[in-house]
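# Reading the structure
These are the residues of each chain, in order.
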Amino acid sequence: MLNPRLLQLFDSGLPIGSFNHSYGVEEAYYSGLDVKSFIEDIFKNVVLRGDVALVKLAYYDPYRADEIAYASKLPKELKEASVYLGNSLASLGICRNEFVEKVKRGEAYGTYPAVIASCCKEFGIGVEDCMVGLAYSELVQMVYAAVRLRALDFVEGQRLISRLLSEIELPNEFSPFSPVLDILSKRHENREPKVFMS
């Protein structure tokens, strides 16, 4: 049976503030890029090969995964988003392991993939289920951001989610890469007004 705690951790209604972040979708939209193609590229080359790949390491060494996640997020907004989400999850108090407690005391960065993996492990959720959960969660947040911006409608968004999830391949190594995301994120830092924090 699927562990029901998985549903709680990756629910878009979990109050950690993920709805405040578009992961570059807002700037891609304002820059005139094809938003569906952008989401697909970021999902396959950054989400899967980055945060999702780190889940595997974080099951065994959350501190190292936390350091790698923090160092790999080059633009300020992306780094702050990961730390904000991870710290928000830690502060909910639904996970109570050594790593999460150190995050709460400010003794670790508390990046989102490291904290979510630590919680999954504590709840007895398998590493691959946790990886798929994180992939789903980050994909849905990007699509919902596009819907809020009216770059996609709800039906297009659901079709995109369905297609990308049907093609998912879990990564074997950490190798995120998207100079376009880095450039757009740097540009987004100076955008005013803006809908999303990243």
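Residues numbered from 1 in each chain as written. Predicted model: local features only at pLDDT ≥ 70, side-chain atom pairs only at ≥ 80, totals over all residues. Heavy atoms only, no water.

### A short note on the nonpolar core
Here is a general trend for soluble globular proteins: nonpolar side chains tend to be buried in one another's company. With 60 residues, the main nonpolar core has Leu9, Val25, Ile39 and Leu89 as its most contacted residues. Ranked by residues supplied to this core, first place goes to helix 3 (residues 35–60) with 13 residues. The residues touching leucine 9, leaving out its near neighbours within four places in the chain, are Leu14, Leu89, Ile94, Tyr112, Ile116, Cys119, Cys120, Phe123 and Ile125. (Core = buried A, V, L, I, M, F, W, Y, C linked by side-chain atoms within 4.5 Å. Buried < 20%, exposed > 50% of the residue type's maximum accessible area, 1.4 Å probe, protein only. Helix = DSSP H or I, 4+ residues; strand = E, 2+ residues; numbered from the N terminus. Contact = heavy atoms within 4.5 Å.)

### A short note on empty space enclosed by the protein
Counted according to the given criterion, the structure contains one cavity of 30 Å³ or more. Space inside the largest cavity adds up to approximately 40 Å³. If you go around the largest cavity, the residues you meet are Leu9, Phe10, Asp11, Leu14, Ile16, Ser18, Tyr112 and Ser137. Among the residues forming the lining of the largest cavity, the class breakdown is five nonpolar, two polar and one charged. (1 Å grid on protein atoms, 1.4 Å probe; cavity = no way out; pocket = protein on both sides within 12 Å on 5 of 7 lines; lining within 4 Å. Points joined across faces, edges and corners; volume = space filled by probe spheres on them. Nonpolar A, V, L, I, M, F, W, Y, C, P; charged D, E, K, R; others polar.)

### Some words on the layout of surface pockets
The computed volume of the largest pocket comes to approximately 340 Å³. Lining the largest pocket are 21 residues, and of these Val46, Ser72, Lys73, Leu78 and Leu181 lie nearest its centre. At the level of secondary structure, the elements contributing two or more residues to the lining of the largest pocket comprise helix 3, helix 5 (76–91) and helix 10 (179–189). With five residues, the single largest contributor to the lining of the largest pocket is helix 3. Tallied by class, the residues present in the lining of the largest pocket amount to 13 nonpolar, four polar and four charged.

### Observations concerning the side chain of serine 137
Along the chain, the position of serine 137 falls in helix 8 (residues 127–148). Assessed through its relative accessible area of 10%, serine 137 is described here as buried. Excluding anything up to four places from it in sequence, serine 137 contacts Phe10 and Tyr112.

### Things to note about the state of the cysteines
Think of a disulfide as a covalent bridge from one cysteine sulfur atom to another cysteine sulfur atom. With the rule as written, the count across this model stands at two disulfides. Each sulfur of the disulfide joining cysteine 95 and cysteine 119 lies 2.0 Å from the other. Where cysteine 95 bonds to cysteine 119 through sulfur, the torsion about that S-S bond is close to 125 degrees, and the disulfide is right-handed. With a gap of 24 residues between them, cysteine 95 in the loop between helix 5 and helix 6 (98–104) and cysteine 119 in helix 7 (residues 112–122) connect regions that are remote in the sequence. Of the residues examined, cysteine 95 reaches a relative accessible area of 1% and is grouped as buried. The partner cysteine of cysteine 120 in its disulfide is cysteine 130, sulfur to sulfur 2.4 Å. (Disulfide = S-S within 2.5 Å.)

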